[in-house]
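Observations on the three-dimensional arrangement
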Amino acid sequence: MRIAMIGTGYVGLVSGVCFSDFGHDVICVDKAEQKIDMLKAGQVPIYEPGLDVLMARNVAAGRLSFTTDLAAAVDGADAVFIAVGTPTRRGDGHADLTYVMAAAEEIAQAVTGYTVIVTKSTVPVGTNRNVWETVKAANPQAEFDVASNPEFLREGAAIDDFMRPDRVVVGVENDRAAEVMAEIYRPLYLRDFPILTTDLESAEMIKYAANAFLATKITFINEIAGLCEKVGADVKEVSRGIGLDGRIGNKFLHAGPGYGGSCFPKDTAALARIGQDHAHPMQITETVIRVNDEIKKRMIEKIRDACDDHFNGKTVAVLGVTFKPNTDDMRDAPSLSIVPALIGGGAKVRVVDPQGKSEGEALLPGVEWCDDPYIAARGADVVVLLTEWNEFRALNLSEIAASMKSARMVDLRNIYSKTTALKSGFETYVGVGR
Ligand SMILES: NC(=O)c1ccc[n+]([C@@H]2O[C@H](COP(=O)([O-])OP(=O)(O)OC[C@H]3O[C@@H](n4cnc5c(N)ncnc54)[C@H](O)[C@@H]3O)[C@@H](O)[C@H]2O)c1
């Protein structure tokens, strides 16, 4: 199969590289010239474990290439994937479909022969039909179908998620498009990974429902964590106790500083908006959004408590600023609300993150970037664990405590325990929900 992948971000690049590894001929397209220049030079513009090696292998095999020329990539392709961003539209919570529709217009002008135009971006119900109408209006002669193929990969584990998915969802309107999609995903089909074929609307809905459900699960345990603090229970024990119930499951039950990242905040906002537009308010999702915002604020209060109720003149070492480990993605990371609150209150903030600096430098003005946690903690009043990178899981706490001005830890990921921290010389340890 010849595939054009429009957009080389976290989803488009991983999908394009993995499809080429399946044996397809893939051309990845992006408007950002700098990204394409890097990719052509063999460099990966994002941090995603394993992507560099897989990319190099498929470029060397002649199956994978990069261009800014959308028309050339689309010409003759069997399938064109749209994997551009769908951020929150300013002001109303809607998914901003400007990039998707602009891509559809451009594809319409370039398409030749029968082509399936596949939307991989997360888009509201009805968007695939709009793509079909847009392409048809712009090029009435075009021979094409549309397909919805939402993506479920997680940044940081994206290649494994793509190669070994829990399921692939494909929304189509006819057998011809279904056959092209089946051919593209054949390597997964052969290995018995479930491929779920639905209508367009259901496929679009599945993606929002999945993300809203996961955001709800996280927010539920975070709310339970707040109650645990009041009543003297330990949320880690509670998570384990409920997660062992097969009907509940143990994933997404780790209490923390509230969900962030490139998907959950915007997708919950978009789902709430879709509900409002259809006079069917998504009350659970709307509540989840509100509770998650409150949880983030509660984290700032926890740090303030550990700083003797004021940030002024305090030095805070923040370990981790990306929204989760193993990515450089900073979109809607909890650090983006927590760090400015510390600085706004007069704190000096030192930051360490294995991959966050390139994105974070512009987003977190006024912080001091340190190379390792030991340097960041030296002379600090409080150390805050914000992202659970492996590098922060086995720190020499005694060395850190001994080097601090006052040895206090706020562990927003519950990596350590109070017993361990106090034994290591910390005078205060504050976790979440314990
Ligand atoms: N990031 C994730 O973990 C994830 C997971 C599942 C689904 N998604 C969804 O996938 C979509 C893409 O997300 P992302 O994180 O990869 O976004 P991203 O912002 O990292 O990448 C989007 C890319 O598209 C390019 N682009 C925009 N318009 C273009 C055009 N007309 N032609 C060529 N290139 C164009 C941009 O330059 C950018 O490089 C979103 O809808 C998102 O919700 C993301």
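Residues numbered from 1 in each chain as written. Predicted model: local features only at pLDDT ≥ 70, side-chain atom pairs only at ≥ 80, totals over all residues. Heavy atoms only, no water.

Orientation of helix α10 (residues 200–231) relative to helix α11 (residues 235–243), taken along the N-to-C sense of each, is 135°, at an axis distance of 9 Å. Between α10 and α11, the angle falls in the class oblique. In the packing of α10 onto α11, the handedness of the crossing is right-handed. Touching I221, I224, A225 and C228 of α10 are V235, V238, S239 and I242, all from α11. (Axes fitted to C-alpha atoms, helices over the stretch in contact; angles between N-to-C directions. Helix = DSSP H or I, 4+ residues; strand = E, 2+ residues; numbered from the N terminus. Parallel < 35°, antiparallel > 145°, perpendicular 65-115°, else oblique. Left-handed = near helix turned anticlockwise from the far one by under 90°. Contact = heavy atoms within 4.5 Å.)

So, about the pattern of salt bridges. In total, this model carries 24 salt bridges according to the counting rule given. In this structure, D161 engages R154 in a salt bridge whose closest nitrogen and oxygen atoms are separated by 2.7 Å. For D161, a relative accessible area of 13% corresponds to the buried category. Each of D308, K314, R408 and E427 takes part in salt bridges that share partners, so that together they form one network. (Salt bridge = Lys/Arg side-chain N within 4 Å of Asp/Glu carboxyl O. Buried < 20%, exposed > 50% of the residue type's maximum accessible area, 1.4 Å probe, protein only.)

Here we take up the site of the ligand. Close to the ligand lie 24 residues; D30, K35, T86, E155 and K266 are nearest. Here an oxygen atom of the ligand and a side-chain polar atom of K266 are 2.5 Å apart. R331 places a side-chain nitrogen or oxygen 2.8 Å from an oxygen atom of the ligand. When the free accessible area of the ligand is taken as 840 Å², the share hidden by the protein chains comes to 89%. The residue makeup of the shell around the ligand, split by class, is eight nonpolar, seven polar and nine charged. Shared between two domains, the shell around the ligand takes at least three residues from each, and those domains are domain 1 (2–198) and domain 2 (199–434). (Near = heavy atom within 4 Å. Polar contact = N/O pair within 3.5 Å; in protein donor to acceptor, adjacent residues only side chain to side chain. Areas by Shrake-Rupley, 256 points an atom, 1.4 Å probe, with all protein chains shown as cover. Nonpolar A, V, L, I, M, F, W, Y, C, P; charged D, E, K, R; others polar. Domains from an automatic or database assignment.)

It is worth spelling out the state of the cysteines at this point. Counting across every chain of the model gives zero disulfides. You can see C263 has no disulfide; the closest cysteine sulfur is in C18, sitting 16 Å from it. (Disulfide = S-S within 2.5 Å.)

Judged by pairing direction, the sheet is parallel, and its six strands sit side by side in the order β11-β10-β9-β12-β13-β14 without closing on themselves. Here the strands that pair on one side only, and so sit at the sheet edges, are β11 (368–369) and β14 (428–430). Sheet topology places strand β12 (residues 382–385) next to strand β13 (residues 408–411); three bridges connect them, and they run parallel. Each bridged residue has a counterpart across the sheet, and for V383 the counterpart in β13 is M409. In the packing of helix α13 (residues 283–306) onto the sheet, the strands contacted are β12, β13 and β14, and the crossing angle to β13 comes to about 170°. (Pairing = 2+ DSSP bridges.)

This next bit is on the environment of N414. Locating N414 in the fold gives a position in the loop between β13 and α18 (418–423). Along the chain, N414 and G113 lie 301 residues apart, while their C-alpha atoms are 55 Å from each other. N414 has contacts with V235, K236, A255, Y429, G431, V432 and R434, leaving out every residue within four places of it along the chain. Polar contacts involving the side chain of N414 include one to the main-chain amide nitrogen of V432, which spans 2.8 Å.

Once that is clear, we can look at the domain arrangement of the chain. Domains assigned within the chain are domain 1 (2–198) and domain 2 (199–434). A straight line from the C-alpha centre of domain 1 to that of domain 2 covers 32 Å. At the interface, 37 residues of domain 1 touch 28 residues of domain 2. Where domain 1 abuts domain 2, roughly 2600 Å² becomes buried across the two surfaces, and 58% of that area is made up of carbon and sulfur atoms. Of all residues in domain 1, the largest losses of buried area upon contact with domain 2 belong to Y47, V125 and E155, amounting jointly to 25% of the total for that side. Two residues, E201 and R129, come together in a salt bridge whose shortest N-O distance is 2.5 Å. (Buried area = accessible area lost by both parts, 1.4 Å probe.)

The terminal C-alpha atoms of helix α5 (residues 98–110) lie 19 Å apart, and with 13 residues this matches the ideal 18 Å at 1.5 Å per residue to within 8%. Of the residues making up α5, those classed as buried are V100, M101, A103, A104, I107, A108 and A110. On the buried face of α5, the contacting elements are β1 (2–6), α4 (70–74), β4 (79–82), β5 (115–119) and α6 (127–138). (Expected span 1.5 Å × (residues − 1).)

Turning to its location among the elements, P365 is positioned in the loop between α15 (357–363) and β11. A relative accessible area of 58% means that P365 is categorised as exposed. Residues P365 and I343, 22 residues apart in the sequence, show an inter-C-alpha distance of 9.3 Å.

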